[in-house]
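Here's the letter readout for the chains.
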Amino acid sequence: MTAPHVSPADHSTLPPADLLLSPLTGWTRAHWEAVADRLLEGLVPYASPGLAQYRLPGRASHSGPLSDGLEGFARSFLLAAFRIAGSDGRVGPGLIERYAAGLAAGTDPRGGDERWPAITDRAQPMVEAASIAIALHETRPWLWDHLDDGVRGRVVDWLGGFVGADVNDSNWRLFQVITEEFLASVGAPHSRAEIDAGLARLEDWYRGGGWYTDGDGRKFDYYNGWALHLYPVLWARIAGPRADTGLVARHRGRLREFLGVHQHFFGADGAPVHQGRSLTYRFATTAPLWAGALADATPLPPGRTRRLASGALKHFAERGVPDERGLLTLGWYRPFLPVTQRYSGPASPYWASKAFLGLLLPESHPVWTAPEEPAPIDTADTTLALPGPGWLLHSTAGDGLVRLVNHGSDRLPPPPATADDSPHYARLAYSSATAPETPATPAACPDNHLALFGPDGTPSPRGRIHPLGAEGRRAASRYGAGIETVSVVHGPWEVRVHRVGAPTDAPVREGGWAVADDTEPPAGAWGPGWALARRADGLTSAIVGLYGWGDGPGAVARAVGTNAYGHHSATPVLEGLEGFGGSGPVLVTLVMLSGDPHTPHTGASATVDADGNVGIRFPDGTRERVRWDELPYETGLLTLP
């Protein structure tokens, strides 16, 4: 699937493709090293005089410019560390010295505005301290062991701010684990109780199948891979013989199980499914792939690990990442702030450095020497039910697209707390070829959302998602205004069966996927009970009312500047002016996302009996039936808080 057009960065320094070793991507270890070097070189003009901070252009985070400058140092130091250690210290001139100087200046009490902010309760330097600790451990023979005693003492004192500090009860607990384990490794003061407590808290968040929630609640996204699985692997490397061997084995077993699923989250063009927060970290989605190889905890053949990881890095490199300055910007392809959060500063995207973890593996390792092997998306259609996060994944090899149906991740804290509907969590579906619409008012998003309209015309949010289960080709949830939805997938299609727990004559609206392009608005078409939007390269999003929608025409909602995939976006939409009035409590909808413009969206149908059970016919003639009393999960039309 071709991506929407963006202006490419200058990648003329990349090595030539090696289609013998890497027949699918052409990329080798040399390409990874070249991109790493380009990223490190691009930062040089933005270094502070003492090299303790990298002050990049762009919007400041809520932590302020001093913290943002530290972030630039710490996250790029992580990249530099993988490059230094992976080449046995044989790197370009001055790289080791540059970060040695920054360590000295950042911890110098006379450092003025270059001095790093202290590690205090729940403060952003906690995040950056973990990257510095990892980098110091991995480069110990070339950097730490050559620092003078005064600098080492100041670095230890700064990292020691973690001891006894209050930490956010999320993946941040692992930042404390990592930092204090490094302190232990160099004989510095630390708290073994705090390390053990952080590792124990991770156990509380495990939901089975390789899935952790990031703190209490249902917070499933890429943090599962680039944090909650990654940091235990890195902790074990730092702890060495101090690590509990049983715990390490348990972590590795879970990572192995997770990677069996994670490999399915990348489209044939390398694009990861666009879901969750901190998406500006981009190819950091590949970090757990390398972690599995590093810890001997992966079910994937080494050639497939490289195909998946190289495919993702190449995907972004071909679409202008890094930019012409060699910088990672706050965005996805182009700069795009709606994929960021308040904590995102100009250097935040450099958590993408985690993607280069594979450089720690020697050049002779099979992940670098084995011929590339196809990813799952290259060979066959796949459907996976993921009960832990409440997801249903379906992909199609013909167009290389991955689609993720969401019936379980809402990012909300446990009740009674509430929060705004985030488009990156509240949508019914996500994909590797689309991004959710992100206008200033999230409730206004029509894409992959069923909304009932209030008397004032306000669409209902999805709100808290109560998963009802995921099995086979089906997943279900209750949410919002007492809505219960069952999704049934087949090939590029999903049929959604909706019912509402209380009688209503409210107007109702549902949308399919938003498709976007930078160069021209996607085309639209509609008719009685259907609508579609199509990009110039053939990517097509369609929605069809199969039951309860009446004969009213569909529509295409257009927007400008609200989509990470392109400046122009369009979403096919159905609207029922009489809500559920004439059809009882049930609506049935077909949605389709396909890279083949000839994929049919017509020919589907649905029947509903007196008990609300639904017979489904997909466009290719495949039949399914939804019987509420036979579903493998507890159902019930409840009024939700």
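Up top is the structure these notes are about.
Summarised in this report is the structure supplied together with it. (Residues numbered from 1 in each chain as written. Predicted model: local features only at pLDDT ≥ 70, side-chain atom pairs only at ≥ 80, totals over all residues. Heavy atoms only, no water.)

**A look at the pairing of strand S10 (residues 508–511)**
So, point 1. Burial along S10 is two-sided: Val 508 and Glu 510 and Arg 509 and Gly 511, pointing in opposite directions, are all buried.
So, point 2. With 4 bridges joining them, S10 and strand S16 (residues 568–576) adopt antiparallel strand pairing. For Arg 509, the partnering residue across the bridge sits in S16 and is Glu 575. (Buried < 20%, exposed > 50% of the residue type's maximum accessible area, 1.4 Å probe, protein only. Helix = DSSP H or I, 4+ residues; strand = E, 2+ residues; numbered from the N terminus. Pairing = 2+ DSSP bridges.)

**Things to note about the pattern of salt bridges**
Side-chain pairs of opposite charge can arise where the charged atoms are in close proximity.
So, point 1. All chains considered together, the criterion is met by 36 salt bridges.
So, point 2. Arg 334 is paired through a salt bridge with Asp 518; the nearest N and O atoms lie 3.8 Å apart. One end of the pair, Arg 334, is in the loop between helix H11 (302–317) and helix H12 (366–369); the other, Asp 518, is in the loop between strand S11 (515–517) and strand S12 (523–527), with 184 residues separating them in the sequence. For the pair Arg 334 and Asp 518, one class covers both residues: buried.
So, point 3. Ionic pairing is found between Arg 496 and Glu 510, a salt bridge with its closest N-O pair at 3.0 Å. Separated by 14 residues along the polypeptide, Arg 496 in strand S9 (residues 493–500) and Glu 510 in strand S10 bring together distant segments of the chain. There is no split in this pair, since Arg 496 and Glu 510 are both buried.
So, point 4. Via salt bridges that share partners, Asp 169, Arg 173, Arg 201, Asp 204 and Asp 216 belong to a single interconnected network. (Salt bridge = Lys/Arg side-chain N within 4 Å of Asp/Glu carboxyl O.)

**Focus: the packing of helix H6 (residues 172–185) against helix H7 (residues 192–204)**
So, point 1. Where H6 contacts H7, the two axes come as close as 9 Å, and the packing angle between them is 145°. Crossing of H6 against H7: the hand is left-handed. Packed against H6, whose contacting residues are Arg 173, Leu 174, Gln 176, Val 177, Glu 180, Glu 181 and Ala 184, the element H7 presents Arg 192, Glu 194, Ile 195, Ala 197, Gly 198, Leu 199, Arg 201 and Leu 202 at the interface.
So, point 2. Here the contact of H6 with H7 is composed, by residue class, of 7 nonpolar, 2 polar and 6 charged. (Axes fitted to C-alpha atoms, helices over the stretch in contact; angles between N-to-C directions. Left-handed = near helix turned anticlockwise from the far one by under 90°. Contact = heavy atoms within 4.5 Å. Nonpolar A, V, L, I, M, F, W, Y, C, P; charged D, E, K, R; others polar.)

Shape is all these values report; function is a separate question.
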